Amino acid sequence: MLKVGVLGAGHLGKIHLRLLQQSDKYELVGFYDENQENAERISKEFGYKNFNTIAKLIHAVDVIDIVTPTLSHYKCAKVAIKSGKHIFIEKPIANTVEEAEEIIALAKEYNVKGQVGHVERFNPAFIATKNMIENPMFIETHRLAEFNPRGTDVPVVLDLMIHDIDAILSVVNSKVKNINASGVSVISDTPDIANARIEFENGCVANLTASRISMKNMRKTRFFQRDAYISVDFLEKKCEVVRMKDAPEVPGDFDMILQNAEGIKKQIYFTNPDVEQNNAILDELESFANAINTDTTPVVTLEQATDALRVAYQIIDCFDK
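Predicted, not measured: the structure shown is a model, and the values here were computed from it.

### Structural notes on unusual backbone geometry
The step from K91 to P92 runs through a cis peptide bond, and the omega angle for that step is -10 degrees. Within the element layout of this structure, P92 appears in the loop between strand 4 (86–90) and helix 5 (97–109). Phi at N111 takes a positive value of approximately 55 degrees, unusual for a residue other than glycine. When you line up the elements, N111 lands in the loop between helix 5 and strand 5 (114–117). In this structure N111 comes out as exposed when scored by relative accessible area, which is 67%.

In structure tokens form, the structure reads like this:
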């Protein structure tokens with residue numbers, strides 16, 4: 001079992017603490033939170049050991065789980081890496097692309113592993129369909145959330161849309177060619193609703209919409225590719241695959257057949273792949289333990305998270321044009 005410590009005991013930090021305590025791949029040593037009043041309260045309520053300095057916690061563990069505000073990700077990662085500790089960082093990897101690139105360089109220099117908490121990669125609906133997504137040419141995402149003051153210190157692109165940016169980059173095997181985007185600030189100092197169009201060199205186009213002032217929650221992505229349409233509902237953890245194949249010579253009474261202007265007939269098949277329910281946060285944390293123990297590449301690498309951050313900032317840059 002890997003000894004792990006958590007930096008940051010806010011809303012998400014408390015979830016990480018609970019799951020690491022349950023995991024049979026980690027031994028939870030303790031945590032550090034800069035708000036010592038909050039730290040003492042959590043320690044008293046749940047029994048986790050509260051360290052009064054970051055240095056003491058880092059010294060006592062093999063892995064540091066960074067669940068602090070984004071502004072401090074780089075500082076925390078730098079200290080942990082230079083102490084030879086593996087790092088798991090909540091998304092986004094850092095506050096700037098430059099910070100993220102330095103984290104990558106440091107991890108290589110000190111020969112430690114790093115993984116970033118892009119949790120939708122572990123969403124069971126995405127896992128159930130990922131192998132079916134082959135060369136998509138159009139992707140549409142909607143990530144809408146009801147207003148919550150927590151997270152409004154960053155643009156909605158870094159708060160919500162970055163989940164979809166990462167998921168899209170993981171399935172489109174091509175470089176980004178061009179980005180157009182617009183964003184509107186409604187209640188925050190930074191955009192609360194944003195739309196982006198990402199064009200890839202292979203011709204794929206992704207249209208992303210994110211909002212944190214919606215009347216309802218929605219997290220849906222649709223992938224369109226030759227002879228198939230794949231719908232993934234990240235919120236409801238459901239998926240649907242619609243495929244088109246050449247129609248049989250003699251269709252059945254209930255077969256759905258489409259015929260184009262050239263007379264070519266296609267049959268439509270609907271399938272709902274089995275979705276194995278899971279705890280995505282626990283799975284991402286334990287996958288990192290597996291990567292460390294087997295010396296393999298983590299599922300969400302520091303480089304991939306940096307690519308997602310870079311695209312996110314390219315989108316944000318469009319808002320000022």
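Structure's up, so let's keep going.
### Observations regarding the UniProt feature "domain: Gfo/Idh/MocA-like oxidoreductase N-terminal" (unreviewed entry) in the chain
Residues given the UniProt feature "domain: Gfo/Idh/MocA-like oxidoreductase N-terminal" (unreviewed entry) here are residues 2–118. When the span residues 2–118 is considered, its composition is 44% helix and 22% strand, and the gap between its end C-alpha atoms is 21 Å.

### Points about the domain arrangement of the chain
The domain architecture assigned to the chain consists of domain 1 (2–112) and domain 2 (124–277 + 310–317). Inter-centroid distance (C-alpha atoms) of domain 1 to domain 2 is 32 Å. Tallying the contact residues gives seven residues for domain 1 and seven residues for domain 2. For the pairing of domain 1 and domain 2, the buried interface totals around 630 Å² over both sides, and the portion due to carbon and sulfur atoms is 59%. Considering only the surface of domain 1 that becomes buried against domain 2, K91, P92 and V97 emerge as the three largest contributors, covering 61% of it. Notably, a salt bridge pairs E101 with R310, separated by 2.8 Å at the nearest N-O pair.

### Looking at helix 2 (residues 36–46)
Where helix 2 is concerned, the buried positions are N38, A39 and I42. Viewed end-on, helix 2 has its buried residues packed into an arc of 100 degrees, placing them on one side of the element. The exposed residues of helix 2 that point more than 90 degrees off its buried face are E37 and K44. The inward-facing, buried residues of helix 2 contact helix 1 (11–22) and strand 2 (26–32). Two to three positions downstream of the cap, the backbone nitrogen of E37 sits 3.1 Å from a side-chain oxygen, assigning the N-cap of helix 2 to N35. Once helix 2 ends, the next one or two residues include G47, with phi positive near 85 degrees.

### Examining the sheet that holds strand 3 (residues 63–66)
Read from one edge to the other, the open sheet built from five strands follows the order 2-1-3-4-5, with strand pairing classed as parallel. With one partner strand each, in any of the chains shown, strand 2 and strand 5 form the two edges of the open sheet. Put simply, the sheet's adjacent strands are angled 20 degrees from each other on average, direction ignored. The pairing of strand 4 with strand 5 spans four bridges and is classified as parallel. Each bridged residue has a counterpart across the sheet, and for F88 the counterpart in strand 5 is Q115. With respect to the sheet, helix 4 (residues 73–82) is in contact with strand 1 (2–7), strand 3 and strand 4, its orientation differing from that of strand 4 by roughly 170 degrees.

### What about the sheet that holds strand 10 (residues 218–225)?
Read from one edge to the other, the open sheet built from nine strands follows the order 7-8-9-6-10-11-12-14-13, with strand pairing classed as mixed. Strand pairing shows two members of the sheet lacking a second neighbour, strand 7 (176–184) and strand 13 (256–259), which therefore form its edges. Between one strand and the next, the sheet's axes are offset by a mean angle of 15 degrees, whatever the strand orientation. Two strands pair when backbone bridges link them, and strand 12 (residues 238–246) and strand 14 (residues 265–271) are joined in this way by six bridges, in the antiparallel orientation. Opposite V242, over in strand 14, you have F270 as the bridge partner. The sheet contacts of helix 9 (residues 302–319) involve strand 7 and strand 8 (193–200), and relative to strand 7 the element is tilted by about 55 degrees.

### Topic: the side chain of E90
Within the element layout of this structure, E90 appears in strand 4. No salt bridge is formed by the buried E90; the nearest opposite charge belongs to K91, separated by 6.1 Å. Not counting residues within four places of it along the chain, the set of residues in contact with E90 comprises L12, H16, I66, V67, H73, V116, G117 and E284.

What counts, and at which threshold
Along each chain, numbering runs from 1 in the same order as the chain's sequence is written. Confidence filtering applies because this is a predicted model: local features only for residues at pLDDT of at least 70, side-chain atom pairs given and counted only at 80 or more, and all residues used for totals across whole chains, interfaces and linings. Hydrogens and water molecules were not included; the side-chain quantities draw on all heavy atoms of the structure. Numbering of helices and strands starts at the N terminus; helices are DSSP runs of H or I of at least 4 residues and strands are runs of E of at least 2. Relative accessibility decides the category of a residue: with a 1.4 Å probe and only protein chains considered, values under 20% of the type maximum give buried, values over 50% give exposed, and everything between is partly exposed. UniProt positions are given in the numbering used here, feature names are shortened, and annotations may be inferred rather than shown by experiment. Boundary definitions for the domains trace back to an automatic or database domain assignment. Should any heavy atoms of two residues lie within 4.5 Å, those residues are counted as being in contact. The term buried area means the drop in 1.4 Å probe accessible area that two parts suffer when joined, counted for both and summed. Within this document, salt bridges are pairs made up of a side-chain nitrogen of Lys or Arg and a carboxyl oxygen of Asp or Glu, the two lying within 4 Å of each other. The directions from the helix axis to the C-beta atoms form the arc being described. Counting of polar contacts relies on pairs of N or O atoms within 3.5 Å, with two restrictions inside protein: one atom must be capable of donating a hydrogen and the other of accepting it, and residues adjacent in sequence are counted only when both atoms are side-chain atoms. DSSP-based pairing: two strands are paired if at least 2 bridges between them are found. Angles run from 0 to 180 degrees between N-to-C directions of axes, and those axes are lines fitted to C-alpha atoms, restricted for helices to the stretch in contact. For the purpose of counting charges, residues Lys and Arg are taken to be positive, whereas Asp and Glu are taken to be negative. His and the chain ends are not included.

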